[in-house]
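# An overview of the molecular structure
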Amino acid sequence: MTTKPAVRPDQPVTVKLLLDGEFVESTSNEWQNVVNPATQQVIAQVPHATDAEIQAAIASAKRAYKDWKHTPIAARARVMLKLQALVREHMSRIARTLSAEQGKTLADAEGDVFRGLEVVEHACSIGSLQLGEFAENVAGGVDTYTIRQPIGVCAGITPFNFPAMIPLWMFPMAIVCGNTFVLKPSEQDPLTPMLLAELALEAGVPAGVLNIVHGGKRAVDALCTHPDIVAQHGKRVQCMMGAKNHAVVMPDASKEHALNALVGATFGAAGQRCMATSVTVLVGEAQKWIPDIVAKAKTLKVNAGIEKGADLGPVVSKTAKHRILGLIEDGIQEGAKLELDGRAIKVNGYEQGNFIGPTIFSAVTPAMKIYTTEIFGPVMVIVGVNTLAEAIELVNSNPFGNGTGIFTQSGAAARKFQTEIDVGQVGINVPIPVPVPYFSFTGSRGSKLGDLGPYGKQVVQFYTQTKTVTTRWFDDRSTSAGVNTTISLK
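Read on for a plain summary of the structure. (Residues numbered from 1 in each chain as written. Predicted model: local features only at pLDDT ≥ 70, side-chain atom pairs only at ≥ 80, totals over all residues. Heavy atoms only, no water.)

Let's shift gears to the nonpolar core. By size, the foremost hydrophobic cluster in this structure holds 64 residues, and its most contacted members are Met 80, Leu 83, Met 173, Ile 175, Phe 181, Leu 210 and Tyr 463. Setting aside residues no more than four positions away along its own chain, Ile 175 makes contact with Trp 68, Arg 76, Met 80, Phe 181, Val 205, Val 209 and Leu 210. In terms of nonpolar packing, the next biggest core, distinct from the first, is built from 42 residues, Val 315, Leu 327, Val 381 and Val 383 among them. (Core = buried A, V, L, I, M, F, W, Y, C linked by side-chain atoms within 4.5 Å. Buried < 20%, exposed > 50% of the residue type's maximum accessible area, 1.4 Å probe, protein only. Contact = heavy atoms within 4.5 Å.)

And the structure:
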């Protein structure tokens, strides 16, 4: 992050704010370069919004809420139907922008967009998702029913690693439930969320219902502490935290399937996924598979995301690369065996890129820093154990609980694993068990704060409040039973 105005000799594209339905130039004196991680080219500059601009975004959302909350459910659903069609139509354009500013391969960037699109599609069914409940005649002539109503102005702060998916997990569901939203995307790759905002306005999202500001900690603190934002600051919140996801490989696993899944889940997106499989736990005879894992990883092609055939691109920044290289060195110093070293990789034509090739450590122990730290890079750490029970104990001893998986052909082993494992999302022969939108994202323990997930049925609960109504109606011919001084309904 820069702490003074960035040098702007060639006047690259400036990222706008979205305030009250208009894309406006910030008046900030603090700007940050948006850099292509494969080339180091400055492709845009993003402002750190002023306090006044952040206040204006929140005020706009508050004004818009007065009308939007009364918009019929069917009208809100039609906006989402239009949005999903526009996202699908512009998917290639969004993916190219995402790849340029974040570094993902084009195929992975399209996957990023698609997993967000699935949530928009689910938002189209809000008519059934937001239904209340009704019980007739709970007492003499008394009916009780519940209503799900929007909660007000909501805010979302999204990370760099999924600049399409995570915003699409947030603002469509908040808006379709009748709320308004202020989004602060990552300052490292804000162009993708701004494209999504353009499509949202084209789909019919009214002025003020969606606002976007940019910045760092100051902007985050302003959103989290503002009294007009109901889903933050001691009220209702969900936070996706760190992770250290383990994949347990049993000796009876389908070997080729398991190897492909492990390597793809570890090194895809250059390991910059909260659900990346960063720890491979080989059980018993499966520990003999290390040479096969290394051989499979060596087949991956490292290149700029826009290049055909690339399996993984660069990490997002020079700072991220420096941190990852430091952790690799820590692993060497602590005595782990470096089976595959990706530090010296060179990519022709992209010599300045933030590239790190697939890197694999074996003989890793739970006391090592490369085991305890979320590396967030293309690094696999391998731990060997003798039994499934030891593997379960190892996973459960880790403070994180985002996701885990087991590879086995044994139904009994799989059932034991899913029953005894203390992790919120479990894959059985599936390496990255992120649920489809009909279910909810259910990371647990140190990987999540808040008891409701970011999509699925749980997010409707998150973005609404339940009102319970108890009614009794009388006609002119009814006779009163007199004064009732008890709490009973008669």
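Strand order in this open sheet of three strands is S5-S6-S21, and the pairing throughout is antiparallel. Where the open sheet ends on each side, the last strands, each with one partner, are strand S5 (134–139) and strand S21 (464–472). Sheet twist, expressed as the mean angle between neighbouring strand axes with direction ignored, is 30°. Judged from the three bridges that link them, S5 and strand S6 (residues 142–150) form a sheet pairing that is antiparallel. Of the residues in S6, the one forming a bridge with Ala 139 is Val 142. (Pairing = 2+ DSSP bridges. Helix = DSSP H or I, 4+ residues; strand = E, 2+ residues; numbered from the N terminus. Axes fitted to C-alpha atoms, helices over the stretch in contact; angles between N-to-C directions.)

Moving on, we come to the packing of aromatic side chains. Counted by the stated rule, this structure contains four aromatic pairs. A ring pair is formed by Phe 134 and Tyr 145, whose centres lie 6.0 Å apart and whose planes are at 15°; its orientation type is stacked. Pair noted here: Phe 134 is in strand S5 and Tyr 145 is in strand S6, with a separation of eleven residues, a long-range link. A residue is classified by how much of its surface remains accessible, and Phe 134, at 54% relative accessible area, is exposed. Residue Tyr 145 is classed as partly exposed on the basis of its relative accessible area, which comes to 28%. Each ring, one from Phe 462 and one from Tyr 463, has its centre 5.0 Å from the other, and the planes form 75°; the classification is edge-to-face. (Phe/Tyr/Trp six-rings, centres within 6.5 Å; stacked < 30°, edge-to-face > 60°.)

Once that is clear, we can look at helix H4 (residues 106–123). Look at H4: 26 Å from first C-alpha to last across 18 residues, which is about the 26 Å you get at 1.5 Å a residue. At its buried positions, H4 is contacted by helix H2 (73–89), helix H3 (91–102), helix H5 (126–129) and helix H6 (165–176). (Expected span 1.5 Å × (residues − 1).)

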